[in-house]
Amino acid sequence: AQRVTQPEKLLSVFKGAPVELKCNYSYSGSPELFWYVQYSRQRLQLLLRHISRESIKGFTADLNKGETSFHLKKPFAQEEDSAMYYCAPPNDYKLSFGAGTTVTVRA
Amino acid sequence: NAGVMQNPRHLVRRRGQEARLRCSPMKGHSHVYWYRQLPEEGLKFMVYLQKENIIDESGMPKERFSAEFPKEGPSILRIQQVVRGDSAAYFCASAEQGNYGYTFGSGTRLTVV
């Protein structure tokens, strides 16, 4: 089974500063990984899937097999990026979620 | 397409009562997932259903909790004899087969008093 660790429960950055949310996985094969985001008073929604290798809302995430990581990064954080972020691996045909990281972007 | 609809949005129950949470998946989605979010905790998987079948209920407490997804109508998560520890936000998601791009509902916030 794939497992992920999101070591930071809370992350606070200033507007315009880079932001990186850590996600480490434990899986010996080729993992599938996703990032989901929940903005205040909104539904949880898919942000990124590693297989697509695209940038959404300025966020990117690279799968690093050597470090077994799938960190989410954005070079210049915006206030609207304040949200809860979940790293999510599939396990047995359903998604499981990490503990989540709450990001606060300060003006 | 209205997306995933959950109702009620808020539900208050006294200890010992039953709670019924409903989830209507997105049109065309045949897979439904229920998750629970406890205060200060992340999302915990509860159960995965397809029409008329429970595929994986490994995250469901063994007692008092049950789920169904009938041929017609919404998926129901039922909690009997609720206790204060059941107070949480319950989220439903739906997806097409083999697709991990889930569509989530707004959740039902259950408060047990």
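Let's talk about the interface of chain B and chain A
Inference 1: On the side of chain A, 18 residues touch chain B, which itself brings 20 residues to the contact.
Inference 2: Here chain B meets chain A over a buried area of about 1,600 Å², counting both sides, of which 51% is carbon and sulfur.
Inference 3: When the buried surface of chain B facing chain A is broken down by residue, L43, Y100 and F104 of chain B rank first, second and third, together holding 41% of it.
Inference 4: Counting across the interface, chain B meets chain A through 1 salt bridge.
Inference 5: Taking the shortest distance from any N to any O, the salt bridge between K94 of chain A and D56 of chain B comes out at 2.7 Å.
Inference 6: Listing elements by their share of the side of chain B that touches chain A, those giving two or more residues are β4 (31-37) and β5 (43-50) of chain B.
Inference 7: Taken together, the residues of the side of chain B that touches chain A break down into 11 nonpolar, 7 polar and 2 charged.

Side note on the packing of aromatic side chains
Inference 1: This model, assessed by the stated rule, comprises 12 aromatic pairs over all chains.
Inference 2: A centroid spacing of 6.0 Å and a plane angle of 75 degrees characterise the contact between Y36 of chain A and F104 of chain B, whose relative ring orientation is edge-to-face. With Y36 of chain A in strand β5 (residues 34-38) and F104 of chain B in strand β10 (residues 103-104), this residue pair bridges two chains. This pair shows no difference in class: Y36 of chain A is buried, exactly as F104 of chain B is.
Inference 3: Taken together, the ring pairs connect Y36, Y86 and F97 of chain A together with Y33, Y35, F45, Y48, Y102 and F104 of chain B into an aromatic cluster.

Observations regarding the layout of surface pockets
Inference 1: Put simply, the largest pocket is a space of about 350 Å³.
Inference 2: The greatest single-element share of the lining of the largest pocket, amounting to 3 residues, is contributed by strand β9 (residues 83-88) of chain A.
Inference 3: The residue makeup of the lining of the largest pocket, split by class, is 9 nonpolar, 5 polar and 5 charged.
Inference 4: Of the volumes computed, that of the second largest pocket is approximately 280 Å³.
Inference 5: Taken together, 17 residues form the lining of the second largest pocket, with S96 and F97 of chain A together with L43, K44 and F45 of chain B sitting closest to its centre.
Inference 6: Listed by contribution, the elements that provide at least two residues to the lining of the second largest pocket are β11 (94-95) of chain A together with β5 of chain B.
Inference 7: Among the elements that make up the lining of the second largest pocket, the one with the highest residue count is β5 of chain B (3 residues).

Some thoughts on the pattern of salt bridges
All names here are of chain A.
Inference 1: Per the counting criterion, the structure on display carries 8 salt bridges over all chains.
Inference 2: The salt bridge partner of K22 is E20, with a shortest N-O separation of 3.4 Å.
Inference 3: On the basis of relative accessibility, which here comes to 29%, the residue E20 falls in the partly exposed class.
Inference 4: One network of salt bridges, with partners in common, ties together E8, E20, K22 and K73.

Considerations on the sheet that holds strand β12 (residues 101-106) of chain A
Residue and element names in this part refer to chain A.
Inference 1: As summarised here, the arrangement of the 5 strands in space is β2-β12-β9-β5-β6, forming an open sheet in which the pairing is mixed. Either end of the sheet is taken by a strand with one partner, and the two such strands are β2 (10-14) and β6 (45-49). For this sheet, the mean angle separating the axes of adjacent strands, direction not counted, is 25 degrees.
Inference 2: Of the pairings in the sheet, the one linking β2 to β12 comprises 5 bridges and is parallel in character. The residue of β12 that forms the bridge with L11 is V103.

Calculation rules
Residues numbered from 1 in each chain as written. Chains lettered and ligands numbered in written order. Predicted model: local features only at pLDDT ≥ 70, side-chain atom pairs only at ≥ 80, totals over all residues. Heavy atoms only, no water. Contact = heavy atoms within 4.5 Å. Buried area = accessible area lost by both parts, 1.4 Å probe. Salt bridge = Lys/Arg side-chain N within 4 Å of Asp/Glu carboxyl O. Helix = DSSP H or I, 4+ residues; strand = E, 2+ residues; numbered from the N terminus. Nonpolar A, V, L, I, M, F, W, Y, C, P; charged D, E, K, R; others polar. Phe/Tyr/Trp six-rings, centres within 6.5 Å; stacked < 30°, edge-to-face > 60°. Buried < 20%, exposed > 50% of the residue type's maximum accessible area, 1.4 Å probe, protein only. 1 Å grid on protein atoms, 1.4 Å probe; cavity = no way out; pocket = protein on both sides within 12 Å on 5 of 7 lines; lining within 4 Å. Points joined across faces, edges and corners; volume = space filled by probe spheres on them. Pairing = 2+ DSSP bridges. Axes fitted to C-alpha atoms, helices over the stretch in contact; angles between N-to-C directions.

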